[in-house]
Amino acid sequence: MAPPLAVVGPAVTAPSFRTAMPCRPWPRKLPSWRRAARPNDEDYYLIDAEESIGDGFSFSGGKYGEGPSKSDEWFAQGKMVNAYPVYGDKGKAKDPFFGLTMGSGSQPSDEVFRWFCVEAGSSSNPTVLLIHGLPSQAYSYRNVLPILSDKYRAIAFDWLGFGFSDKPQPKYGFDYTLDEYTASLESLVNAVAPDKMSIVVQGYFAPVAVKYASEHQDKLNHLVLVNPPITDKHVKLPSTLASFSNFLLGEIFSQDPLRASDKVLTSCGPYMMKEEDAMVYRRPYLVSGSSGFALNAISKAMKKDLKAYIESMRSVLGSDSWKTKTTICWGMRDRWLSYDGVEEFFGRLNQKIVELPMAGHHVQEDRGEELGSIIKTILR
C-alpha cells in the first residue's frame, strides 16, 4: 500500500475569486485572439463570459473579488507536499529590475519546496501520476481524476512555478531549467509514489518526463504521452509561448493575466471553457508577480534546451533498451504542434496512437472525461 502524501503545515490560504457578470446568450463573437473552434463552428469562441463592466479589479469576462470560487474549491481538495531541496542560501529574493525585496510568493521555502497535489482514489489502487504541460496547472485534470478514481490512485500536481506550488524567484533556489525540472520530478515521485506507477504527461513537459522515465523504467508500468513535441517541427516554441522569453517584453507579457492564461489557452486549441474555470488559470498571475517571473524563466529555458530534450526523447523511445509500454494520445486540433510526422515516427516504433478528433493541445482541458476513459482502457 502506498504511503499517504506528506502534508506541510500550516495550510496555505487560497485567494477567493468569483465571476462578476452573467453570461451573454449565444452566439456572440469576441476579438479574434479569443476565438476557438467548436465541433460545429470553426469561428466560435472559448470563454463564455461577456466583457466586464463591473467595478473593481476587472478583466474581460470576470472579476477578482471576495466569496467562494472554483479556485477555493480546488485548493481545498489538495495537499502540499515537501519535495526537492532548495539550493544555496542567497537571502531574500529581490526584484530583477529595481532590487526591491519581493513578497512571500517569490521567496523560496526554508529547505524543501512545496508542491500542490490533488489525489483521487484509494491508496491501495495502482498509482497514476498526471503531469500537466506548459503553461497549465493540475486543475486541467479535474475531469480526468474522477474517471480514474474507481480503479486507480490518480495524483495530479502543479509544477514548481505554476498553480498553488512554490514559485521562487529565479536564481533564488530554483532556476526553472529543464534539468532542474527532471531532478525535481524524481524527488516528487519519491515523495508521493515510491512504488510502481504509470505516468500520463501532456505537452512540453513530456521530454522532461521521458528523461526521468528512461532512468527509472523499473518504476513504470505504462507511459502515456499526450500531444508531446516529437518532430523537428516541434523544436521551436509557438509564438504565443516564445513571446514570454523575449528580452524585456517577455517580463512584461508574462505579468499580464490575460496573455499568460486566456490568450495562451485560446491560441492552441478549440477549448470550451467556462469563465469560472478561466479564473482559476488567471489566479496565480492576479495575486503575485512570482508566476510571471517563473513563466518568463521556464520559457527562456524551453527556448534554449527544448531541441536537445526532444532529440533525447526520440533517442530514448527508439532505443532497444526502452521496454516501458508506451501509448500516445493526440488531440487532432492542436494549433501548436503539427501532426505531420507524428504517426510516422511512433508507427516505426510500433507504439499505439489514439486520436482525439475534437481535442486541441491541452487534451485534458478540452476533453477531460474522454481522455480519462481512454487512459483507463490503456492501463487496464
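Residues numbered from 1 in each chain as written. Predicted model: local features only at pLDDT ≥ 70, side-chain atom pairs only at ≥ 80, totals over all residues. Heavy atoms only, no water.

**So, the overall build of the protein chain**
Phase 1 of the analysis: What the protein chain contains, in helices and strands, is twelve helices and ten strands.
Phase 2 of the analysis: When each of the 380 residues of the protein chain is scored for burial, the buried share is 58%.
Phase 3 of the analysis: Here the analysis covers contacts within the protein chain between residues at least 6 apart in sequence; of these, 79% occur between residues at least 24 apart.
Phase 4 of the analysis: Counting only carbon and sulfur atoms, one obtains 51% of the accessible surface of the protein chain, whose full area is about 15,700 Å². (Helix = DSSP H or I, 4+ residues; strand = E, 2+ residues; numbered from the N terminus. Buried < 20%, exposed > 50% of the residue type's maximum accessible area, 1.4 Å probe, protein only. Contact = heavy atoms within 4.5 Å. Areas by Shrake-Rupley, 256 points an atom, 1.4 Å probe, with all protein chains shown as cover.)

**Description of the packing of helix H4 (residues 206-214) against helix H9 (residues 290-318)**
The axes of two packed helices give the description: the angle between them and the distance between them.
Phase 1 of the analysis: With their axes 9 Å apart at the nearest point, H4 and H9 run at an angle of 45° to one another. Relative to H9, H4 is oriented oblique. The crossing of H4 and H9 is left-handed. On H9, the residues that touch Ala206, Pro207, Val208, Val210, Lys211 and Ser214 of H4 are Leu306, Tyr309, Ile310, Met313, Val316 and Leu317.
Phase 2 of the analysis: Its residues placed into classes, the contact of H4 with H9 shows ten nonpolar, one polar and one charged. (Axes fitted to C-alpha atoms, helices over the stretch in contact; angles between N-to-C directions. Parallel < 35°, antiparallel > 145°, perpendicular 65-115°, else oblique. Left-handed = near helix turned anticlockwise from the far one by under 90°. Nonpolar A, V, L, I, M, F, W, Y, C, P; charged D, E, K, R; others polar.)

**Quick look at helix H3 (residues 178-192)**
Note: α-helices contain 3.6 residues per turn, so residues at a spacing of three or four share the same orientation.
Phase 1 of the analysis: With 15 residues, H3 extends 21 Å between its outermost C-alpha atoms, agreeing within 8% with the 21 Å of an ideal straight helix rising 1.5 Å per residue.
Phase 2 of the analysis: Among all positions in H3, only Leu178, Glu180, Tyr181, Thr182, Ser184, Leu185, Leu188, Val189 and Val192 are buried. (Expected span 1.5 Å × (residues − 1).)

**Points about the pairing of strand S10 (residues 352-356)**
Phase 1 of the analysis: With five bridges connecting them, strand S9 (residues 325-331) and S10 associate as parallel partners. For Thr327, the partnering residue across the bridge sits in S10 and is Lys352.
Phase 2 of the analysis: As for the winding sense of the linkage, the β-α-β connection from S9 through helix H10 (residues 342-348) to S10 is right-handed. (Pairing = 2+ DSSP bridges. Right-handed = clockwise from strand over helix to strand, strands pointing away.)

**Points about the nonpolar core**
Phase 1 of the analysis: Membership of the largest hydrophobic core comes to 71 residues, with the highest contact counts inside it found for Trp115, Leu129, Trp159, Phe205 and Ile298.
Phase 2 of the analysis: Sort the elements by how many residues they give to this core and H9 lands first, with twelve residues.
Phase 3 of the analysis: With near-sequence residues (within four places) excluded, Trp159 lies in contact with Trp115, Ile131, His132, Ser165, Tyr181, Ser184, Leu185, Phe205 and Val208.
Phase 4 of the analysis: Counting residues in each nonpolar core, the second largest holds 36 residues, with Leu148, Met273, Ala278 and Leu379 among its members. (Core = buried A, V, L, I, M, F, W, Y, C linked by side-chain atoms within 4.5 Å.)

**Re the pattern of salt bridges**
Phase 1 of the analysis: The full count for this structure, using the stated rule, is 17 salt bridges.
Phase 2 of the analysis: In this structure, the salt-bridge partner of Lys70 is Glu276, at a minimum N-O distance of 3.1 Å. Taken together, the residues span a long stretch of sequence, with Lys70 in helix H1 (residues 70-77) and Glu276 in helix H8 (residues 275-287) at a distance of 206 residues.
Phase 3 of the analysis: Looking at Lys70, the relative accessible area reads 26%, which means it is partly exposed.
Phase 4 of the analysis: Since its relative accessible area comes to 34%, Glu276 is described here as partly exposed. (Salt bridge = Lys/Arg side-chain N within 4 Å of Asp/Glu carboxyl O.)

**What about the side chain of Ser69?**
Phase 1 of the analysis: Secondary-structure assignment places Ser69 in the loop between strand S2 (62-63) and H1.
Phase 2 of the analysis: Judged by relative accessible area, Ser69 falls into the buried class, the value being 8%.
Phase 3 of the analysis: A polar atom in the side chain of Ser69 sits 3.2 Å from the backbone nitrogen of Ser71. (Polar contact = N/O pair within 3.5 Å; in protein donor to acceptor, adjacent residues only side chain to side chain.)

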